Each structure stands twice: as structure tokens, then as C-alpha cells.
Amino acid sequence: MSDEHSGWQPPQPPQQPQPPAGWVPPGMPPAWPPPAAAQSGVPRWLVALVLAVLILSYGATVFVTRDIWRAGKPRPVVHAAVEIQAPPGTAPDALAQTRKVVESRINHLGGRDVSVELDGKTLEVTATDVTEAQLRGVTAVGRLYIRPVLHTIAAQPDGTTAPRAPQVADSQRIADEKALRQSTQPQIQVLSLQFQATRCGQPDALADHDDPTLPLVTCSDDGKQVYLLDKSIISGDQIKDASARQGGQRGDYVVFVTFDDKAADVWSRFTAANTGIRTAFTVDTQVVSAPALLEPITTGRTQIHGQFTADSAKSFAAVVVGGPLPLPISVQSVRADQIAPSFWSVPRIAVLGGGVVVIFTLIIGVVLMARWGPRQR
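Procedures and definitions
- Residues numbered from 1 in each chain as written.
- Predicted model: local features only at pLDDT ≥ 70, side-chain atom pairs only at ≥ 80, totals over all residues.
- Heavy atoms only, no water.
- Salt bridge = Lys/Arg side-chain N within 4 Å of Asp/Glu carboxyl O.
- Helix = DSSP H or I, 4+ residues; strand = E, 2+ residues; numbered from the N terminus.
- Buried < 20%, exposed > 50% of the residue type's maximum accessible area, 1.4 Å probe, protein only.
- Axes fitted to C-alpha atoms, helices over the stretch in contact; angles between N-to-C directions.
- Parallel < 35°, antiparallel > 145°, perpendicular 65-115°, else oblique.
- Left-handed = near helix turned anticlockwise from the far one by under 90°.
- Contact = heavy atoms within 4.5 Å.
- Nonpolar A, V, L, I, M, F, W, Y, C, P; charged D, E, K, R; others polar.
- Disulfide = S-S within 2.5 Å.
- Pairing = 2+ DSSP bridges.
- Expected span 1.5 Å × (residues − 1).
- Phe/Tyr/Trp six-rings, centres within 6.5 Å; stacked < 30°, edge-to-face > 60°.
- Lys NZ or Arg CZ within 6 Å of the ring centre and 35° of its normal.
- Arc of directions from axis to C-beta.

The name an unreviewed UniProt entry assigns to the chain is SecDF P1 head subdomain domain-containing protein, from the organism Mycolicibacterium mucogenicum DSM 44124.

(A) Looking closely at the pattern of salt bridges. The full count for this structure, using the stated rule, is 10 salt bridges. For E132, the salt bridge is made with R136, and the minimal N-O distance between the two is 3.2 Å. Taken together, the residues span about one helical turn, with E132 and R136 both in helix α4 (residues 132-137) at a distance of four residues. Residue R199 is joined to E177 by a salt bridge in which the shortest nitrogen-to-oxygen separation is 2.9 Å. One end of the pair, R199, is in the loop between α6 (186-196) and β6 (216-219); the other, E177, is in helix α5 (residues 171-181), and 22 residues separate them in sequence. Note on E177: relative accessible area 6%, which makes it buried. By sharing partners, the salt bridges in this structure join R173, E177, R181, R199 and D204 into a single network.

(B) Geometry of the packing of helix α3 (residues 92-108) against helix α8 (residues 310-322). Close contact between α3 and α8 brings their axes to 8 Å; oriented N to C, the two are set at 135°. Between α3 and α8, the angle is such that the two are oblique. As α3 runs across α8, the sense of the crossing is right-handed. Along the contact surface, α3 presents V101, S104, R105 and H108, while α8 presents A317, A318, V319, V321 and G322. Of the residues assigned to the contact of α3 with α8, the class counts are five nonpolar, three polar and one charged.

(C) Representation of the environment of A313 within the structure. With respect to the helices, strands and loops of the structure, A313 is situated in helix α8. For A313, a relative accessible area of 0% gives the class buried. Separated by 67 residues in the primary sequence, A313 and Q246 place their C-alpha atoms 9.3 Å from one another. Residues contacting A313, with those up to four places away along its chain left out, are A244, Y253, V255 and F308.

(D) Up close: the state of the cysteines. Using the criterion set out here, one finds one disulfide in the structure. The disulfide bridge from C200 ends at C219, spanning 2.0 Å between sulfur atoms. Across the S-S bond linking C200 and C219, the dihedral sits near -85°, which makes this disulfide left-handed. Linking C200 in the loop between α6 and β6 with C219 in strand β6, this pair joins segments that are 19 residues apart in sequence.

(E) Just the pairing of strand β13 (residues 301-305), in detail. By the alternation rule, side chains of β13 split into T302 and I304, which are all buried, and R301, Q303 and H305, of which none is buried. Pairing analysis gives five bridges linking strand β10 (residues 253-259) to β13, with the strands arranged antiparallel. Its bridge partner being in β13, T258 is matched across the sheet by R301.

(F) Spatial organisation of α8. Its 13 residues give α8 an end-to-end C-alpha distance of 18 Å, which sits within 8% of 18 Å, the value for a rise of 1.5 Å per residue. If you check which residues of α8 are buried, you get A313, S315, F316, A317, A318, V319 and V320. One or two residues past the end of α8 sits G323, with phi positive at roughly 85°.

(G) Region of the structure containing the packing of aromatic side chains. In the structure shown here, the tally under the stated rule is four aromatic pairs. Taking the centre distance of 5.8 Å and the plane angle of 55° together, the rings of F259 and W267 count as tilted. Take F259 and W267: they sit in the same class, and that class is buried. For the cation-ring pair, R245 lies above F256, with the distance from its terminal atom to the ring centre recorded as 3.9 Å.

(H) Expanded view of α3. Counted at 1.5 Å a residue, the expected span for α3 with its 17 residues is 24 Å, and the 25 Å between its end C-alpha atoms agrees. Buried residues of α3: L95, T98, V101, V102, R105 and I106, and no others. Buried residues along α3 cover an arc of 135° about the axis, so they all sit on one side. Residues of α3 that are exposed and angled more than 90 degrees away from the buried face: P92, D93 and K100. Phi turns positive one or two residues past the end of α3, at G110, with a value near 100°.

(I) Representation of unusual backbone geometry within the structure. Positive phi values are uncommon outside glycine, yet D129 reaches one of about 60°. By the secondary structure assignment, D129 is in the loop between β4 (122-128) and α4. Overall, D129 belongs to the partly exposed group, its relative accessible area being 25%.

In C-alpha cells:
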């Protein structure tokens, strides 16, 4: 009988179990999947953007500060010996305070490397960026008052060219001047005006000794006018700040002063009630400026117009801000030199230092960008 009809089937070989996925026979190298690219945690475009911003910022800084790279002009330096006119028995505190006021005035002028040393009754002064004219201009005692003008006449110049610096006068001379020039009696005031008109070119014994609570007969600082002034309404110690700059219709120099709150209120009320009246600014008794009040001034600031040059305006502002000197001083000697500007100024060092930082940052950034390219994992 054939196998086809009997249904007999030949035996089948047993089924072998399939190895699990990823199984590798012993001794065979593993078949890893193809590597996948992995990106750095910081994108390269972000690093490039930061470097670009850094370069542009530094370029802008160099452009804005381009003036500091130009060859600077020689800087003026002044050496001066200033004598303090101190009477016998003057307290050391007065000498020290005088030194302090002089130093403050020179600093307000914009002086650099300022040194004011006290040696007995002599001040040894050294400062750069200050001219000789400015230094001489800050030696005034500097006692300032604002007084309404009551009357004025022309002076009668006699050709005298004596210096107008404050002089040390004895007490009797000062008392006589006060009795004549600060009288409240109209007849004496008229006589004082006529007498003072003949000596406007002479040293003023009353300088720095006038009583602000009494009227005053005095000259203008140019010696051309004689004024009868009322008692003071504001004093120099009520001025917070002063600065000099060009202004006015003719481009002349003007000193701008800022009052404290109390003086600002007094000035506001006075100018509102006295429009058209002239008001004098006196320093050490002399009238520096006597403008007419055109309108109320309520800002707490006002302008002093005088015959100022650039140097004298800066000196006047420094005197006003620094306050009056406790003791009068006089310049004994002045030596003005010039020093060549140093290349290693603070602004230049700062910009050069910034350039070094930018260069190192660029180097580090390029290295990191190269290392932060696509890496394998």
C-alpha cells in the first residue's frame, strides 16, 4: 500500500527556538545601530550672536570716546605763594579755615592735582588746569550781599591806579568809614556820595567790614559809578551754587547763582514787589553788578551780569560758592608752567582694558564654537 493512501507522514525535525532580538552568538562582534548626531546644549548661533554684540558694543565705545585718542594740549600748572594777612595772635583755626576755603575755590575752578599747604602764614599752592588769572581771581575775601539801589552818581576819576585789593585797616579807620558811608541820615548820605566819587580808584578801607543791616555808599568795581545802597536782603552764605558760562545777547560771560530755600522765597517776593528797581550785587563792598529787575524771579536762580571775562567769571563763581575767607590773603609770587599730557590717562586705560577683554572673549568663543559642534553619542 502506498504511503499516499495510508496517510503516513514522515517525521518532522523539531522546531528550534528563535534567539531573542538583539542576541549575538558568542564570539561574534555586536552589531550596533548607526550612530546618531547629538547637538550641544548651547546653540552655536547664540554664541556667534553674543560675540557679534560684544564686538559692536566695543566698536561703539571706541567711536564715542575717539576724542581721548587725540594728542592733548599741554596742561597748565600753577605754583604760587600766597600770604595770609593775619594780625598777631590769630588763632590757628582761622589759618586752617583760610587754607580750606582757598582749596575749595581752586577745586571749583576745575583745578586738578590741587595741593594747598600751610607753612606758617604762607600757603604753598600747586594746581593743574588753572590759569594764573583764575588763581589771582579767587584771592578776594568774597563777602557777598544783595542790596537794593537807592541812588547813583558818576564817579570822578582822578587817574589813581592803586590796587583795589582789600587792605588791613585799623579799627578807628573802619569806624570812621562806617560813620560816613553807612549813615542813615540823608544829609550825610549826600555828602558821602560826593566824597566817595573822588576816591573810587583808591583802596577801600571798608572792604569786607560793611554792616549788611545798614545802608552803604560805595563804588562799582570798574570805578565809574558811585551807589547809595539799602540794607542787604540776601547774603552770600544763602547761595547754594554758582557757575559761569557764556550767555546774554552779546555772548558775554554770566554767573548763574542758585539760592537756598529761604533766600529763594525772599528773592521771589522782592522781585515781584519791586519790578523795575535796580539791585546791586556787592562783593567786599564793591558793586559787581546792578541790573534792573524786569520781572518776578520765582525759580530760585538768578544771573549776575558784570564785566566778566572767561577767567574772571569762573573765579567769581568759585568765590561765591567757596564762601568768604576768614582772613584776607595776597599773592606773593606765581610761576606758571606747562606739562605734557600723559598717554596713560584713566579713560584710555579703561578703553584699552576693554579691548583686551574683548580679544580674549573672542578667542574663547571661537574655541568653544569649534568644540561645541555636532558630537557623537
